[in-house]
Structures are given as C-alpha cells and as structure tokens.
Amino acid sequence: MRKILKYVGLTLLLLLVVGSVTLYIMSRPDVARFSTAELSGRVPVMASQRTETFPTINVPEATSWPAGQAPRAAEGLTVGRFAEGLDHPRTILVLPNGDVLTAESQSPPRKDGGVQGAVMKNLMGKAGAGRKPSANRITLLRDADGDGKAELKSTYISGLNSPYGMALVGDTLYVANTDALLAFPYVEGETKMSGKPVKIVDLPAKGTNRHWTKSLTAAPNGWLYIGVGADSNIGEAGMNREFRRASVLEVRPESKYIRTFAAGIRNPVGLAFYPGSEQLWTVVNERDMLGSDLVPDYLTDVDEGDFYGWPWYYWGGFIDPRVEPETEDRRQYVKRPAYGLGAHTAPLGFTFTEGLALGERWANGALIARHGSWNRDPVAGYDVVFVKFGANGKPLDALPITLLDRFLAADGKTTRGRPADVKVAKDGSALVADDTGGVIWRVAKAG
C-alpha cells in the first residue's frame, strides 16, 4: 500500500512540475521579431501567427509630465501647452470661430467581473485609466489673444455619459455618448451650452462595452458616421453580442434613421472625410493574442457595404484559426486595408492636414495619434505620426513620419502622457490631446 501511495505521490508531483513548467512557458511574453516600421506602410510584413493562451502584458506605468518638459516635435517645429489641468482629454473639435472643444472622458463602469475583469481593471489603472470616474464633460478652450495658450477654460456641457465623438453641422452640435447620439443647439461664442439635448439614436453599449468609444464625423451632406468597436477580441462571447458593433454606422439625423454602413472592422476609432471629397477614412485597432507582430492596426478608406473580415479574417483574407468558420464563407469579399500602422500601436484620433501651416512636408496627408500598446514587447506607438497621401487621394508607398514623440519615457517603462487625438487649429497649428497627461499640446512652425 505504501508503495502504491509513493507512486501516486510521485506521479502527482511530476504532473505538478510539468503543469507548472507548461504554465510558465505559456505565460511568457511574446517578443516581436519585426519592428513597427516593418509592420507599417501599404504592404506591411504579415508575420507568422503565434497564438497566445495568455496575452503578452507590457504596460508602461502612467506618470505625469515633470515641470518644463514636453514631447519632442519634429525638426523645424516647436511644441507648447495650449491647455493643461484637464481630466483625460480624449477628443478635440475645432469650432469655426477658433474655439476648441475637448471631451474629457473615460470608460463607463464595466460589468466584466471575475478574474479577467480584475486583471483588466489593474492594467487600465497602471496605464492611467479608470483611477477615478469619468469627468463626463465637454470643455471649451479659447485663445482670445492668439498667443498659443487658452486663457479661457469653461465647462461647456456636463452630465454626459462617457462622451467621445463630436461634430458640428450648421447650428447643431452632435455629441456621441457611449450609449446614444445627442444633438445640441449651437450658438457661436457661447462658453456654456444653453440649449437642451435631443436624443437622435441609441448606440450599442450593452455587455461589457469593452470598446466604449463612439467616434463621430459628418459627411458633406450632413449625414453622420459613427465608429463602434467590438465587445470582444474575436467574438468569443458570441456574435449575438456584436449587433451593430465592429462597424461604421450611418445616421441620417433628420429622420433618426440608423444602419450599418460597413462591417467587420474590429475597432474603428478616428473617422474623417478626405478633403474635398465624399470618401470616408478610419483608423482601426485590430485583434489581440496572435503575438507581438500581429495584427497591424491600420488606416483605410471605407465605402458602403465594405467588409473587413473581423472576427474570421484579417488583412484582406488571412484566416484567424481561433474563430469557428462562418456558415457562409465570405473570405473572397474581405477588403484589404490601405495602410498599416504597426501592430498594437492603438491609433485613436486622426485628421487630414488641410489648413495645417507646418510646411510643405506635412501637406496632403493624415496625422494620427497612436495611443500606445499594452500587449507588445517591446512597446509600440505613444506618438503622433504623419502619413503622406498622393494626388490620387491614397497613401503613398512610404513609411510614417513622426510629428511628436517621447510620450514614452527613456526607460521604456513609464509614460508621461498618451496621445489620443490630433486636429488642425484655426491658426494652422496642430493640437494634440494628451489623455493621461491632461494636456492639449500645440505644435507650430519654429520661428
């Protein structure tokens, strides 16, 4: 009997050792084989899939900007503080009179409990998010004397629900809360909204609301387009929870009509129309846990009926083996993105450079705020980059150019801020919303 117990004990010990070693190996971070540059451009490298049981976790800790310090601007440019002391400025809207609106916002309370929820909450806290409730307001900033600093900071709209997208059409200001699109009467020059909101449509916000941001832009004809991210990584909780998610939605505000304009786009965040055209573009955060080199986030044009493959496919038809195949195979209809922005760089806000007065180098292209990775080794993003376009209204076959960087500290383990949006000010400077830094930076031509 003792002999049997001895063998049983040794077997259990061996299983424990093997299990521990296996768990250790499976939980090791996946180190990138390719640089962000190699994973960028019109034809980025498509690395081999390295499916992860546990995500690579590499979250630089959010700190604050030391006094007198700022990000680094490209040669020939300067950067200064347009406004500071803000509470997570996420998006920017420049009004016709030069006033600037910024949505101060964070994720609403989430229902994802258990171990996964606790881990995500811890990671978000380390990255500088969720340490306190969302400010839920839009703030108006005004630089009346033209010195490049906003001397007026006024709460313009309060009591919102994780607001994100903003668009002005005529005398109507549209605001995309996490759960609804609202319309406010806009009066130029007001420093506080005097009118009451009207709800236009509800927006998807059930489930964990994992991707809570609702980006917004207006077409030349006044119709609105809203970017809605997936409520999961690859639909693992069931596609019934993804109704009107992972999509760009079209809203016709005069009739309160809403429909899916394009689908299969995991998390379309920034939205903008190419100047002088009716061509919609977006920047997209792709899926996780295929390794540090997959899948490149991207910039792309979006047409009615486009399908970008999520969750079954990525980058024009590569199959994600983790997802059960569709009943109807739509691989042949998957549209390939126009331009890669590196894996896990997390592009959020972007704008075309019409009206930008930083020099010819920055003309005819897109400025993109890359919020930065949390699941890549080494980290990527944490900068603002420029993608040059050609006369055909498409990105050139060239790599992105850095406009603003060093949000990531030299040690690579801490951040002073995280770029979340970029817009062109009325005076031709570039305004960059620094989410965790609580600053809006102003980039202008030196001298």
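In case you missed it, the structure is sitting above this.
Residues numbered from 1 in each chain as written. Predicted model: local features only at pLDDT ≥ 70, side-chain atom pairs only at ≥ 80, totals over all residues. Heavy atoms only, no water.

*Asks:* Mind showing me how you'd approach the sheet that holds strand β13 (residues 214-218) here?
*Replies:* Two pairing modes exist for strands in a sheet, parallel and antiparallel, and in both the strands are linked by backbone hydrogen bonds. One open sheet accounts for 4 strands, arranged β13-β14-β15-β16; its pairing is antiparallel. Since the sheet does not close on itself, it has two edges, and those belong to β13 and β16 (257-263), each with one partner. Averaged over all pairs of adjacent strands, the angle between strand axes in this sheet comes to 25°, irrespective of strand direction. Both β13 and strand β14 (residues 224-228) contribute to a ladder of 5 bridges, which runs antiparallel. Considered in β14, the bridge of Ser 215 is made with Gly 227. (Pairing = 2+ DSSP bridges. Helix = DSSP H or I, 4+ residues; strand = E, 2+ residues; numbered from the N terminus. Axes fitted to C-alpha atoms, helices over the stretch in contact; angles between N-to-C directions.)

*Asks:* Can you help me understand the pairing of strand β29 (residues 430-434) in this one?
*Replies:* As a general feature of sheets, a regular strand has side chains that alternate between the two faces. Extensive coverage of β29 is indicated by the burial of 5 of its 5 residues. Residue alternation in β29 divides its side chains into two sets, Ala 430, Val 432 and Asp 434 and Leu 431 and Ala 433, and both sets are buried. Note that strand β28 (residues 419-424) and β29 share 5 bridges and pair antiparallel. Bridged to Lys 423 within β29 is Leu 431. The antiparallel pairing of β28 with β29 creates a hairpin that spans 5 residues between the two strands, and Gly 428 there sits at a positive phi of about 90°. Note that β29 and strand β30 (residues 439-445) share 5 bridges and pair antiparallel. Paired with Ala 430 across the bridge in β30 is Val 443. Here β29 folds back onto β30 in antiparallel fashion, the turn holding 4 residues, of which Gly 438 has a positive phi close to 70°. (Buried < 20%, exposed > 50% of the residue type's maximum accessible area, 1.4 Å probe, protein only.)

*Asks:* I keep staring at the pattern of salt bridges and nothing clicks. Help me out?
*Replies:* Here the idea is simple: oppositely charged side chains can pair when their charged atoms come close. Evaluated as defined, the whole model comprises 28 salt bridges. Asp 301 serves as the salt-bridge partner of Lys 335, at 3.6 Å between the closest nitrogen and oxygen. With a gap of 34 residues between them, Lys 335 in the loop between β21 (318-319) and β22 (339-343) and Asp 301 in strand β19 (residues 296-302) connect regions that are remote in the sequence. Each member of the pair, Lys 335 together with Asp 301, is buried. Between Arg 330 and Glu 326 there is a salt bridge, and its shortest N-O distance comes to 2.7 Å. (Salt bridge = Lys/Arg side-chain N within 4 Å of Asp/Glu carboxyl O.)

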